[in-house]
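Summary of the model geometry
Residues per chain, in single letters:
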Amino acid sequence: MTASRLVFLDIDGTILDHDQRFSPRVAEAVHTARGNGHVVLICSGRSPVEISHRIHAIGFDGVISAGGGFTEFQGELVASHTLPEDAVQQLIEFYSRHEVEFTLQAFENVYPSAGLFDRMRPILHARAGGDTEAERADLARLAERFSRSGAAPLTGIAKSTFFGVEATTYATVRDGLGDRFHVITGTVPYLGEAGGEVTYPGIDKGASIVELAERLGVPLERTIAIGDGSNDIEMLGVAGVGIAMGNADAAVKAAADEITASVDDGGVYAAFARHGLV
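Residues numbered from 1 in each chain as written. Predicted model: local features only at pLDDT ≥ 70, side-chain atom pairs only at ≥ 80, totals over all residues. Heavy atoms only, no water.

For the chain, an unreviewed UniProt entry supplies the name Cof-type HAD-IIB family hydrolase and the organism Microbacterium ginsengisoli.

In structure tokens, the structure reads:
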């Protein structure tokens, strides 16, 4: 492994703004950095099937997805960290008791709860009508994903996301699941405290960055991570340089080594330029 830097980019709020539009010059930044010998990967809370073709089309060397659950490098799945079957069953039963809608993220699919589409329909309608055909296609795929039904498998699940209607939903899930799970909020801004993510302790973006860097023989001081959400805190902490987007909240900025411009102002490109990647 001879590349100068190993770089990890979050998607939502970093590569894309929260209306699913690309940050200015982000594709140029990735193309140029890779041309200069750097290795650039996606590092996202999305499951693999939630990362659209238009994002992959930028051209990346690999993907860490499902908040650290799956790692792909140069087209090969090199790491997979999934929940035990009894933990998945525990999540499903807990959500059902508390009437919380959810998804379960696997490598090849996302499994929504039966009532998720009805719960999310008003939000999807409010966010419909993107400016471009690609944006409208993304919204259509989102609606399709939320409307799927059928029993989810208990195996191969790396992460769960949950969607409530009450401001107390996050606290209910966090306090109710206890120490067996790692619960965070703030990854879907328009849900606020009504939504969040659930993983196992030790399964996160940061742990997967450490794992991949070791596999590739890259010292952590040669890594850069850029993100804006609460599920980026661990990766900003382990990277040689952890960079928070200007649109990140205070807790994320506090975990970072430095802060770049916001997603709307080309924060990724600005960070790449500052560190000589472009």
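Having seen the structure, we can now continue with the description.
**Quick notes on the environment of isoleucine 259**
Structurally, isoleucine 259 is set in strand S13 (residues 258-259). In this structure isoleucine 259 comes out as partly exposed when scored by relative accessible area, which is 42%. Isoleucine 259 sits eleven residues away from alanine 248 along the chain, and the two C-alpha atoms are 8.9 Å apart. Setting aside residues up to four positions removed in sequence, isoleucine 259 forms contacts with Ala244, Met245, Gly246, Lys253 and Arg274. (Helix = DSSP H or I, 4+ residues; strand = E, 2+ residues; numbered from the N terminus. Buried < 20%, exposed > 50% of the residue type's maximum accessible area, 1.4 Å probe, protein only. Contact = heavy atoms within 4.5 Å.)

**Considering helix H6 (residues 169-177)**
Counting along an α-helix, one turn takes 3.6 residues, and residues three or four places apart therefore face a common direction. All of the buried residues along H6 are Thr169, Tyr170, Val173 and Leu177. All buried residues of H6 fall inside an arc of 105 degrees around its axis, so they share one side. Considering only its buried residues, H6 is in contact with helix H3 (85-97), strand S8 (157-163), strand S9 (182-185) and strand S10 (195-199). Positive phi shows up at glycine 178, right after H6, with a value of about 75 degrees. (Arc of directions from axis to C-beta.)

**Here's the deal with the sheet that holds S13**
On the basis of which strands lie adjacent, the open sheet formed by eight strands has the order S5-S4-S3-S2-S1-S11-S12-S13 and mixed pairing. Whereas interior strands pair on both sides, the edge strands pair on one side only; in this sheet they are strand S5 (76-80) and S13. The sheet contact formed by strand S2 (residues 39-43) and strand S3 (residues 62-65) spans three bridges and is parallel. Residue isoleucine 42 lies in a different strand from S3, and its bridge partner there is valine 63. Across the sheet, helix H10 (residues 267-274) lies against strand S1 (6-9), S2, strand S11 (223-227), strand S12 (241-244) and S13, angled at about 165 degrees from S1, the strand it touches most. (Pairing = 2+ DSSP bridges. Axes fitted to C-alpha atoms, helices over the stretch in contact; angles between N-to-C directions.)

**Observations regarding unusual backbone geometry**
In this structure, arginine 25 is a non-glycine residue whose phi angle is positive, near 65 degrees. The exposure class assigned to arginine 25 is partly exposed, which follows from its relative accessible area of 46%. Not every positive phi belongs to a glycine, and alanine 66 is a case in point at roughly 55 degrees. Within the element layout of this structure, alanine 66 appears in the loop between S3 and strand S4 (70-73). Classification of alanine 66 as buried rests on a relative accessible area of 0%.

**A look at the sheet that holds S10**
Taken in spatial order, the five strands of this open sheet run S7-S6-S8-S10-S9, and their pairing is antiparallel. Every other strand in the sheet has two partners, leaving strand S7 (110-112) and S9 as the edge strands with one partner each. Across the sheet, the mean angle separating the axes of adjacent strands is 20 degrees when strand polarity is ignored. Across four bridges, the pairing between S8 and S10 is antiparallel. Paired with serine 160 across the two strands is valine 198, which belongs to S10. Each of strand S6 (101-106), S8 and S10 touches H3; the most contacted strand, S8, lies at about 10 degrees to it. The strands touched by H6 are S8, S9 and S10; relative to S9, the strand with the most contacts, the crossing angle is about 170 degrees.

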